[in-house]
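Observations on the three-dimensional arrangement
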Amino acid sequence: MRASRMERAVNYMVLVLFAAQALIPVLYVVVLSLRSERIGDDSWGHVENYATAWEQGRFSQYMANSAIIAVLVVGLALVLSLMSGYVLGVLRPRGGNVLFFVFLLGIMVPSEAIVLPMFFDMRTLGLTDTVWAVALPQTAQSLAFGSFWMRAFFRGVDPAILEAARIDGAGDLRILVSVLLPIGRPAIVTQVVLTFMWTWNDFLIPLVMSPSGAMRTAPLGLAFFQGQYTQGSTLLAAGAVLVALPMVILYLVLQRQFISGMTEGAVKG
């Protein structure tokens, strides 16, 4: 049954309201970042604020730390999630359901409950203030979601496709790489985007695992930038735009496959 004009108009109004609620704060921060730092100066369009915030806030170092950690976490979590998802979703060994629920615990347990024990473990291993102290816990957390996500995708693949590949003599590794990865690109892109976003925005684990600040990430740098380098809101807004920019670029580049992966996951769920 087709929706009436009134129903479509109401739907569009609701969507516009939600979009405005999400976009207006973002636009306000962008506009604020381009205002003059001088009191009483109402001029606008000061692009140099970004360069000033970048230099004063040492964002070059913090963004590099965040990029390294994000690449490690996204790469490790993706590879491990593909393998665990294939085992749990395609091979389905005995005891696989129990193992799957163990993975789900990683989604349900918050970081705040385990960050201190992890810190003492990392300190015992001599890994604190290193990239691995930040990347490994985040990889473990992302692996929990990745295993759940890829298992759901692999279980939804037509078994006839897998059976045809086995008849042609393909092993498990060949099936995973040559058959499932091409058709699973939307699901993989969705996991990459979500994992990158969670890793980039994470505040607690980098704060605890790097007491000296050697592996301070961009969100941490933004928090310290507010207190140590500036008391005004203009440069702080410019720093916030700089920190958010990599996520925005990644989403714009991968938005089609990301939305496709999310909708396919919603339908399968």
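This structure is a prediction, so every number in the text was calculated from the model and none was measured. Sequence order as written defines residue numbering, which begins from 1 separately in each chain. This being a predicted model, a pLDDT of at least 70 is required before a residue's local features are given, and a value of 80 or more before pairs of side-chain atoms are given or counted; all residues contribute to the totals for chains, interfaces and linings. The basis for the side-chain values is all heavy atoms of the structure; hydrogens and waters are excluded.

Let us look at the nonpolar core. Note on soluble globular proteins: their nonpolar side chains tend to be buried together. Buried residues of nine kinds, namely Ala, Val, Leu, Ile, Met, Phe, Trp, Tyr and Cys, make up a nonpolar core once their side-chain atoms join them within 4.5 Å. Burial here depends on accessible area, computed with a 1.4 Å probe over protein chains only, as a share of the maximum for the residue type. Under 20% is buried, over 50% is exposed, and the range in between is partly exposed. Among the nonpolar cores identified, the biggest contains 42 residues, and Phe59, Tyr86, Met150, Phe154, Ile175, Leu180 and Trp200 are the most heavily contacted of them. Mapped by element, the contributors of at least two residues to this core are helix 2 (48–56), helix 3 (59–91), helix 6 (131–155), helix 7 (159–167), helix 8 (172–183), helix 9 (185–201), helix 11 (218–228) and helix 12 (234–268). Each helix is a run of H or I in the DSSP string that is no shorter than four residues. Each strand is a run of E no shorter than two, and both are numbered from the N terminus. Here this core gets 9 residues from one element, more than from any other, and that element is helix 3. The contact definition used throughout considers only heavy atoms, calling two residues in contact when any of these lie within 4.5 Å. Setting aside residues no more than four positions away along its own chain, tyrosine 86 makes contact with Leu91, Phe154, Arg166, Asp172, Ile175, Leu176 and Leu180.

Moving on, we come to the environment of isoleucine 161. Its place among the elements puts isoleucine 161 in helix 7. When its relative accessible area of 36% is taken as the criterion, isoleucine 161 is described as partly exposed. When the C-alpha positions of isoleucine 161 and valine 179 are compared, they lie 8.2 Å apart, and in sequence the two are 18 residues distant.

Every angle, taken between N-to-C directions, lies between 0 and 180 degrees, and every axis is a line fitted to C-alpha atoms, over only the stretch in contact when it is a helix. Two elements in contact, helix 8 and helix 9, have axes whose closest approach is 4 Å; the angle formed by their N-to-C orientations is 75°. When the interaxial angle is binned, helix 8 and helix 9 end up roughly perpendicular. In this structure, helix 8 uses Leu181, Pro182 and Ile183 to contact helix 9, whose residues at the interface are Arg185, Pro186 and Ile188. When residues are grouped by polarity, Ala, Val, Leu, Ile, Met, Phe, Trp, Tyr, Cys and Pro land in nonpolar, Asp, Glu, Lys and Arg in charged, and all others, Gly among them, in polar. Among the residues forming the contact of helix 8 with helix 9, the class breakdown is 5 nonpolar, no polar and 1 charged. We call two directions roughly parallel when the angle between them is under 35 degrees, roughly antiparallel when it is over 145, roughly perpendicular when it lies between 65 and 115, and oblique otherwise.

Read these as spatial facts, not as claims about activity.
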